[in-house]
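# Structural characterization, general
Residues per chain are reported as follows:
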Amino acid sequence: MSGRVGIVAAAESSPAITQDNMMDAVYKVTKELLNKVGIDRDDVGTIVTAASDVFHSGISCANSYYWEASGGFLKNASRQDGDSLFAFLYGCLRVLSGHFETAMVIALTKGSENPENDTVTSLYADPFYHRPLGINETTAAALQMRQYMERYGITAEQCALVTVKNLRNALFNPYAHIRKSVTVDEVLNSKATADPLTTLQCAPKSDGMVAVLLAAEDTAKALTDHPVWFRGYGSAMDTYTLGDRDLLRGTLPQAAQAAYTMARLEKPSEEVDVAEISEPYGFQELLWCEQLGLCAEGKGGRLIDSGTTHLDGRLPVNPSGGVLATNPYVARGLYRVAEAYWQITGKAGEHQVKKSVHTALAHSTHGFAGQSHTVVILGD
Amino acid sequence: MGRAVAIMGTGQTHHGKRFDVSYPELVREAVQRAFEDSGLSPEDVDAVVTGTMPSMMEGIALNHLYLADAIQVVGKPLLKTETCGSTGMSVAHTAFYWVAAGLADVVLAVGFEKMYEGDSQATMTTVADPWIQRSFVAGAPGIFAMQSNMWIDRHHIPAERLREAAAVISLRNHDDAFDNPYAHIKARISLEEIKDSRIVTYPIRRWDVCPNSDGACAVLFMSEHKAKQMANPPAWIKGVGYRGDESYLGDSDKVRWNTAIDAAKEAYHQAGIVNPRRELDVAEVYNPFTFMELLLYECFGFCDFGEACDLALQGTFSRGGDLPCDPSGGVLCTNPIGATGLIRVAEAAMQVTGKAGAHQVDGAQLALAHAMGGVSQFNGIMIVGSQQ
């Protein structure tokens with residue numbers, strides 16, 4: 001690695017459901033980012049976007065459509081599908097390779113133009129074994145949740161508390177989609193989706209455009225007084241077939257360890273100041289916290305009960321409201337990065353955590369019961 | 001600029017109608033062959049890059065999840081790079097930048113497509129926006145026919161000369177495919193049969209068009225430090241270029257096609273190439289249509305604008321000519337789309353390491369690989385050489 005790469009600025013779209021067409025929505029977030037830095041499209045070295053062929057308003061080969069709206073005209077650009085933390089990593093790699101001084105990373109999903117998320121996620125299932133069973137991300141998560149509750153004695157109330165906490169945080173985030181105060185009872189008594197999951201424990205379907213500008217160390221320092229550095233990443237795929245996996249022992253610990261090693265974090269539960277974790281299903285925040293080493297195995301329920309992960313807690317998790325509040329499927333990973341960036345630079349506004357933040361963790365996942373996990377560590 | 005990167009192994013499936021294997025088995029066939037070619041094993045791989053065309057092609061979405069075990073990526077980081085037809089090239093670029101950045105020493109790049117599982121032209125039509133372009137693009141032939149006509153019109157190419165040049169290109173690719181054990185279409189056809197074949201979309205005739213193929217390709221990229229510990233010869237990455245422009249076909253000049261011109265210039269600049277026709281020993285041009293191959297020669301500076309037909313008829317781009325193109329039989333004979341761009345890279349690497357067998361260009365040291373995609377928008381280039 002020939003130096004450091006840092007985040008210079010970030011921009012998110014608002015409101016969560018937009019009347020803009022795709023071109024305008026992408027253009028606006030791109031332009032907002034460039035304006036924030038005070039640079040022009042010509043100053044951007046390369047662009048990496050994240051969008052999916054299956055979460056893209058019925059248009060395949062996603063980036064061929066919005067190419068020019070993202071500032072890519074006659075530029076060397078590329079795209080990642082499935083997960084926008086992939087695009088964040090690829091943007092970092094392009095800068096670290098020395099071939100580009102700056103990289104713009106943009107993630108976009110216009111959920112309002114897509115079918116229900118699970119209509120799409122059921123297409124992840126192979127047509128021979130999984131699909132006829134009705135496996136999709138929600139039913140797979142329900143299997144995982146049942147196992148989690150049974151193996152560790154996690155209660156339904158503890159799982160529901162994640163929704164209560166995250167939607168409360170979302171009240172303070174003007175970019176959040178779902179903004180309402182709910183109680184544990186309301187969460188548990190909302191309509192069942194796949195037992196034991198209820199509607200309020202499942203993420204919504206949102207629109208979301210988010211962009212960050214990356215730059216090599218010297219350029220980053222020239223463009224901003226507060227660069228946030230890419231300090232570590234880890235990512236790991238799990239095996240495909242659900243029945244072949246222990247759903248409570250996935251690859252997240254491995255991804256996390258790689259990120260911590262690269263970032264030289266020895267005690268992540270003490271050194272990480274704030275975490276933005278992808279929790280498309282409420283209980284997953286608890287399980288992922290365990291697997292990220294932020295609490296001991298089986299203690300995710302106790303972690304949320306203790307208030308540690310609340311906005312004013314010792315280790316706030318999802319101060320933005322998380323994926324339960326805003327779920328632009330492919331873009332949700334880069335939202336975690338943008339939110340972590342704002343927490344570190346103290347620009348998160350009303351949902352800024354009380355403690356000072358120097359090190360933040362961003363996580364994303366997709367696939368059945370967390371088949372793919374990516375972890376990024378950022379720091380000032 | 002970054003760390004030096006080499007290709008240390010390639011693997012391809014026997015491309016074609018592969019009803020004998022499942023999708024995961026097809027992918028595994030290519031991955032296994034890359035390991036055999038390089039002498040590496042899955043444990044040596046730090047990271048993996050995959051890509052395909054959209055999931056409608058096979059009916060499985062985000063298929064890196066489904067194919068994780070076949071690719072042998074379980075427990076490792078993965079990137080899923082997709083840029084339409086140029087996906088295979090963009091996958092290679094991702095692997096290159098990953099190693100060049102110093103965050104991995106060995107990256108496995110894999111591209112795949114099992115096109116006989118679905119309807120490729122229906123899928124391709126959905127690349128166009130649903131409001132303005134989709135209703136008339138008529139799949140890939142529709143788009144490339146328009147671009148070809150723009151090129152014919154601009155250069156005032158006489159119909160007979162055009163037909164002759166395209167037929168020569170078609171014949172050369174189909175003959176060369178017989179020397180490539182992995183090629184899909186193996187057809188002995190005459191120049192007259194090609195010229196008289198039925199029109200698909202003017203000026204494109206039956207033998208001007210690539211097939212649908214099932215196939216996969218895997219390429220292992222390695223850091224300089226690791227590559228130099230290996231016994232087998234490396235193919236060094238000398239230059240990488242990529243450009244894209246807007247999705248509305250009518251908005252830009254597709255004859256002096258800026259994305260092709262600029263992508264090639266970016267790669268030539270890195271590789272120190274001034275006169276590509278003289279300095280390159282072989283080129284694997286992404287040629288799903290004969291006319292596109294001719295048009296691209298001009299954009300890549302293999303000849304002047306308007307010269308491609310004449311030079312093709314003189315044999316400049318045939319084996320034995322100044323710059324042999326697509327000795328593998330090219331995309332015209334094999335097109336599993338998500339793999340196709342990566343196959344161009346693999347073939348270029350095979351040429352400069354002397355591993356191309358019966359379709360080896362003697363003494364090849366510097367080779368160009370190319371892929372294109374989008375609604376005639378994207379062009380990607382990778383130049384590989386036997387010398388660092």
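Residues numbered from 1 in each chain as written. Chains lettered and ligands numbered in written order. Predicted model: local features only at pLDDT ≥ 70, side-chain atom pairs only at ≥ 80, totals over all residues. Heavy atoms only, no water.

The name an unreviewed UniProt entry assigns to chain B is Acetyl-CoA acetyltransferase, from the organism Sulfobacillus acidophilus.

As annotated in an unreviewed UniProt entry, chain A is Propanoyl-CoA acyltransferase from Sulfobacillus acidophilus.

## Considering the UniProt feature "domain: Thiolase N-terminal" (unreviewed entry) in chain B
Definition in use: UniProt positions are given in the numbering used here, feature names are shortened, and annotations may be inferred rather than shown by experiment. Runs of E in the DSSP output that reach at least two residues are strands. Runs of H or I that reach at least four are helices, and both are numbered from the N terminus.
The sites that UniProt annotates as "domain: Thiolase N-terminal" (unreviewed entry) are residues 5-158 of chain B. Between the end C-alpha atoms of residues 5-158 of chain B the distance is 45 Å, and the span holds 42% helix and 16% strand.

## A closer look at empty space enclosed by the protein
Residues and elements named next belong to chain B. Using the following cut-off: Only protein atoms enter the 1 Å grid used here. Points where a 1.4 Å probe fits but cannot escape make up a cavity, open sets with protein on both sides within 12 Å along at least five of seven lines make up a pocket, and a residue lines them when an atom lies within 4 Å of a point. Grid points are joined across faces, edges and corners, and a volume is the space filled by probe spheres set on the points. As a working rule, the residues Ala, Val, Leu, Ile, Met, Phe, Trp, Tyr, Cys and Pro are called nonpolar, Asp, Glu, Lys and Arg charged, and the rest polar, with Gly in that last group.
On inspection of all chains with the given rule, the structure shows nine cavities of 30 Å³ or more. The volume enclosed by the largest cavity comes to roughly 70 Å³. In terms of lining residues, the largest cavity is bounded by Ile7, Met8, Gly9, Thr10, Asp37, Pro233, Ala235, Ala349, Met350, Thr353 and Lys355. Breaking the lining of the largest cavity down by element, the ones donating at least two residues are β1 (5-12) and α16 (337-352). No other element matches β1, which puts four residues into the lining of the largest cavity. Looking at the lining of the largest cavity residue by residue, the class counts come to six nonpolar, three polar and two charged.

## Topic: the sheet that holds strand β3 (residues 78-80) of chain B
Residue and element names in this part refer to chain B. Test applied: Any two strands with at least two DSSP-identified bridges between them are counted as paired. Axis geometry follows a simple rule: fit a line to the C-alpha atoms, using only the stretch in contact for helices, then measure angles between N-to-C directions, giving values from 0 to 180 degrees.
Taken in spatial order, the nine strands line up as β3-β2-β4-β7-β1-β8-β11-β10-β9 in an open sheet, and their pairing is mixed. One side of each edge strand has no neighbouring strand; the edge strands of this open sheet are β3 and β9 (282-284). Geometrically, the sheet is characterised by an average inter-axis angle of 25 degrees between neighbouring strands, direction not taken into account. Where β1 meets strand β7 (residues 214-223), seven bridges bridge the pair, whose relative direction is antiparallel.

## A look at the interface of chain B and chain A
Where we set the bar: In this description, contact between two residues means that some pair of their heavy atoms is separated by no more than 4.5 Å. A 1.4 Å probe defines the accessible area here, and the buried area is the portion of it lost by two parts on being joined, summed over both. We count a salt bridge whenever a side-chain nitrogen from Lys or Arg sits within 4 Å of a carboxyl oxygen from Asp or Glu.
The partner chain A presents 57 residues to the 61 residues of chain B that form the contact. When chain B packs against chain A, the two sides together hide about 4700 Å² of surface, and 61% of this comes from carbon and sulfur. The three residues of chain B that bury the most area against chain A are Leu65, Tyr97 and Leu103 of chain B, which together make up 15% of that side's buried surface. Between chain B and chain A we count one salt bridge in total. When the shortest N-O distance is used, the salt bridge between Arg79 of chain A and Glu82 of chain B registers 3.8 Å. When contributions to the side of chain B that touches chain A are tallied by element, the ones reaching two or more residues are α2 (63-66), α3 (68-71), β3, α4 (87-100), β8 (235-243) and α11 (258-271) of chain B. With seven residues, the top contributor of residues to the side of chain B that touches chain A is α4 of chain B. When grouped by side-chain class, the residues that make up the side of chain B that touches chain A number 29 nonpolar, 21 polar and eleven charged.

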